[in-house]
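# Report on the structure
Each chain, written out:
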Amino acid sequence: MSEVTDKEYEKLYDKLQKLEKEISLVLDNSPTKKIGHHVISQLTKEQHKIQMFSLDKTKNLDNIYNWAQENNIQKLNVSIKADGLALELIYSKGYLTKAVTRGDGLIGENVLHTAKTITNIPLYIEEFEEYDNIAIYGEALIPLSIFEKLSTHDKKYTEYKNPRNLASGSLRQLSANVCRERHLIFLAYGMVPYAFHSFTQTLSWLQVIGFSVVDNFVINTDINEIKQHAEKIQTWINTLNYAYDGIVFRDDNNAHANQLLREQETKSSNSKRKISPNQNHQIS
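These lines cover the structure that appears in this document, whether it is placed above or below. Since the model is a prediction, treat every value here as computed from it, not as a measurement.

Let us now look at the overall build of the protein chain. When helices and strands are tallied, the protein chain shows nine helices and 11 strands. Residues classed as buried in the protein chain amount to 46% of the 284 residues present. In the protein chain, the proportion of contacts linking residues at least 24 apart, taken out of those at least 6 apart, comes to 76%. For the protein chain, the exposed surface amounts to about 15,600 Å²; the carbon and sulfur share of it is 49%.

Right, dumping it as structure tokens:
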């Protein structure tokens, strides 16, 4: 059990991150170099197809605008960051063969047996028949209505403080039946390799082939438009049936986003400070 609340941890994490930037030093054991939880269980360990990076965070919309201008980003995809457990789904010759948790970003746990109980995760996709290794990324979560029902009618669920903890605990069960009775859902937010020009087109195609996707829309990189839509989102999120922990702004041009990612990976490898790719930003 954590010694501090998630809110207190976030405050301390932000202070540490700010200090590291000020003194241009990040120690090898710094929490800012770790992503997610360390893998400790009886579940099989799997290396991710690509590293699952964390998002750069900001509380200022002007930072989003400046980031877009500095990197010549023309369109932004704006989506809700669902507060669940990140998963990498691997399809081989059309069949779902692995479902790997984020873990430390490089290695996670294969929870295929429990992921198969999530009814909106396709177990077979005809469009993937010709490919050996297609990765779909998304969040596994428990709808708020289901979490409220479970925690109200069964005392064994009161130990879980929020839907995210219950979703994580459910997927990492050794028994698939335990996960099945908790009615998780999956919201996709990406695919590798990219098959479309824009991130928005990718999400639309994922819906066509059977996935549910994160709520999203596209805007221009105009500061007034960014702020206008951010205000609308505050009303929009109140209608969601799942927990969220921020709003994600992405470069909608897949090719351009990948180019920026490669450039920053090169900079990181040539620097003593390990900096996560600045491809996406999150308001939280």
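What follows is about the pairing of strand β9 (residues 216-220). Across the two faces of β9 the burial differs, with Phe-217 and Ile-219 buried and Asn-216, Val-218 and Asn-220 not buried at all. Relative to β9, strand β3 (residues 75-82) runs antiparallel, the two sharing five bridges. Bridge assignment links Val-78 to a residue of β9, and that residue is Phe-217.

For the pair helix α2 (residues 61-70) and helix α8 (residues 223-236), the least separation of the axes is 10 Å and the interaxial angle reads 140 degrees. In this view, α2 runs oblique relative to α8, as classed from their interaxial angle. In this structure, the crossing between α2 and α8 has a hand that is right-handed. Residues Leu-61, Asp-62, Ile-64 and Tyr-65 of α2 form the contact with α8, whose participating residues are Ile-223, Ile-226, Lys-227 and Ala-230. When its residues are assigned to classes, the contact of α2 with α8 shows six nonpolar, no polar and two charged.

Residue position: Lys-98 is located in strand β5 (residues 95-101). C-alpha of Lys-98 to C-alpha of Glu-109: the two residues are 11 residues apart in sequence and 9.6 Å apart in space. Ignoring sequence-local partners within four residues, the contact set of Lys-98 consists of Glu-46, Glu-88, Leu-89, Ile-90, Asn-110 and Leu-112. Side-chain polar atoms of Lys-98 contact the side chain of Glu-46, separated by 3.2 Å.

Let us now look at the pattern of salt bridges. Inspection of the entire model under this criterion finds six salt bridges. Ionic pairing is found between Lys-81 and Asp-245, a salt bridge with its closest N-O pair at 3.4 Å. On the criterion of sequence distance, the pair formed by Lys-81 in strand β3 and Asp-245 in strand β10 (residues 244-251) is long-range, its members being 164 residues apart. Residue classification places Asp-245 among the partly exposed residues on the basis of a relative accessible area of 29%. When the shortest N-O distance is used, the salt bridge between Asp-83 and Arg-164 registers 3.5 Å.

Reading the values: rules and limits
- Starting afresh in each chain, residues are numbered from 1 along the sequence in its written order.
- Per-residue local features are limited, in this predicted model, to residues with pLDDT of at least 70; the limit for side-chain atom pairs, both in listing and counting, is 80 or more; totals at the level of whole chains, interfaces and linings are taken over all residues.
- The side-chain figures draw on all heavy atoms in the structure; neither hydrogens nor water molecules are used.
- Strands here mean DSSP runs of E at least two residues long; helices mean DSSP runs of H or I at least four residues long; both are numbered from the N terminus.
- The classification of residues rests on relative accessible area computed with a 1.4 Å probe and restricted to protein chains. Under 20% of the type maximum is buried, over 50% is exposed, and intermediate values are partly exposed.
- By the convention used here, residues are in contact when the closest approach between their heavy atoms is within 4.5 Å.
- Only the protein chains shown count as covering a residue, and every accessible area follows the Shrake-Rupley method with a 1.4 Å probe.
- Here, strands pair whenever DSSP counts at least two bridges between them.
- Structural elements are reduced to axes, namely lines fitted to C-alpha atoms, with helices fitted over the stretch in contact, and the angle between N-to-C directions of any two is expressed from 0 to 180 degrees.
- The scheme is simple: roughly parallel for angles under 35 degrees, roughly antiparallel for over 145, roughly perpendicular for 65 to 115, oblique for anything else.
- Throughout, a crossing is termed right-handed when the near helix is turned clockwise from the far one, and left-handed when it is turned anticlockwise from it by less than a right angle.
- Asp, Glu, Lys and Arg are counted as charged, while Ala, Val, Leu, Ile, Met, Phe, Trp, Tyr, Cys and Pro are counted as nonpolar; the rest, among them Gly, fall into the polar class.
- Any pair of nitrogen or oxygen atoms within 3.5 Å is treated as a polar contact; in protein, a donor-acceptor pairing is required on top of that, and neighbouring residues in sequence qualify only through side-chain atoms on both sides.
- A side-chain nitrogen of Lys or Arg and a carboxyl oxygen of Asp or Glu constitute a salt bridge if their distance falls within 4 Å.

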